[in-house]
Structure formats: structure tokens, C-alpha cells
Amino acid sequence: MNWVLVAAVFFVVWWVLLFAVLPFSLRTQEEDDDVTLGTVKSAPRGPHVLRAMLRTTIVTLALFAVWFVAVEYMGLGLQSIPRIVPDFGEQ
């Protein structure tokens, strides 16, 4: 498999999962009863980007490992997906 393709797939999966993981374990200023003047109550309490990036990387590595094993070692690909729509041209 081309390593540029592998890196591109990893980056796309990581980027999508980053936005899925960002809200997890997020605490607002209102929940901590420590609202900073000039901010809204629903603003996040402290930075948590590094933890979110770490969680994103771990989840992406796990999903990517499953994908890589399925494609490289089991030989699965787009041709392995069964047809959902029948082919009406071969009657």
C-alpha cells in the first residue's frame, strides 16, 4: 500500500475524530462555579486541547489498526462489499 495514501487516511480520520472527541470531559465555567468576567457561563473551564488531541490519537490509532489489518492482511476492500442495488442490465 502506498504510504502517502496511508498517511492521508490517517490524517482524515484523525481530523474527523478530533471534532467528535473535543466535547468529552468538557466542563463549563458555570459547572465549576467560577465564571470569569467578560465571558459567557457556558465557556469551557481551562484548556483541554492536549488531552483531546491525545484521546483523538489513541482512538484513531485503534481504528486505523483495524482498517490496516482488514485491508492488508485480510484482503478486504471496496470490492468485498456486497451489492445492495441489483444490476438490471444483465437480464
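The notes below deal with the structure included here. Predicted model, so just to flag it, every value in this text is computed and none were measured. (Residues numbered from 1 in each chain as written. Predicted model: local features only at pLDDT ≥ 70, side-chain atom pairs only at ≥ 80, totals over all residues. Heavy atoms only, no water.)

## Topic: unusual backbone geometry
What counts here: Secondary structure follows DSSP: runs of H or I at least 4 residues long count as helices, runs of E at least 2 residues long count as strands, and numbering of each begins at the N terminus. Classification of residues uses two cut-offs on accessible area relative to the type maximum, computed with a 1.4 Å probe and protein chains only: under 20% is buried, over 50% is exposed, and between them is partly exposed.
The residue aspartate 33 is not glycine, and still its phi comes out positive at about 55 degrees. Along the chain, aspartate 33 turns up in the loop between helix H1 (3-21) and helix H2 (49-73). Given the relative accessible area of 72%, aspartate 33 is considered exposed.

## Concerning the packing of aromatic side chains
Inclusion rule: Centre distance within 6.5 Å is the pairing criterion for rings of Phe, Tyr and Trp, where only the six-membered ring of Trp is used; planes under 30 degrees apart are then read as stacked, over 60 as edge-to-face, and the remainder as tilted.
Following the criterion strictly, the structure yields 8 aromatic pairs and no others. For the pair phenylalanine 10 and phenylalanine 64, a centre-to-centre distance of 5.4 Å together with 90 degrees between the ring planes defines the contact as edge-to-face. Separated by 54 residues along the polypeptide, phenylalanine 10 in helix H1 and phenylalanine 64 in helix H2 bring together distant segments of the chain. By relative accessible area, phenylalanine 10 is classed as partly exposed at 24%.

## Here we look at the side chain of glutamine 29
For clarity, the threshold we go by: Two N or O atoms count as a polar contact when they lie within 3.5 Å, although within protein this holds only if one can serve as hydrogen donor and the other as acceptor, and sequence-adjacent residues are included solely when both atoms are side-chain atoms. In this description, contact between two residues means that some pair of their heavy atoms is separated by no more than 4.5 Å.
Counting through the fold element by element, glutamine 29 comes out in the loop between H1 and H2. Here the side chain of glutamine 29 touches threonine 39 through a polar contact of 3.0 Å, side chain to side chain. Apart from residues lying up to four places away in sequence, glutamine 29 is in contact with Asp34, Val35, Thr36, Thr39, Val40, Lys41, Ala43, Pro44 and Arg45.

## Concerning a nonpolar patch on the surface
Basically, it comes down to this: To count toward a patch, a residue needs a relative accessible area over 30% and no salt bridge; like charges are then connected within 9 Å, while nonpolar side chains (Val, Leu, Ile, Met, Phe, Trp, Tyr) are connected within 5 Å. The protein chains shown are the only cover counted for residues, whose accessible areas, like all others here, come from Shrake-Rupley with a 1.4 Å probe. Salt bridge, as applied in this entry: a Lys or Arg side-chain nitrogen positioned within 4 Å of an Asp or Glu carboxyl oxygen.
Nonpolar side chains collect at one region of the surface, where Phe11, Val12, Trp15, Val16 and Phe19 lie side by side and expose about 540 Å² of accessible area between them. Structurally, phenylalanine 11 is set in helix H1.

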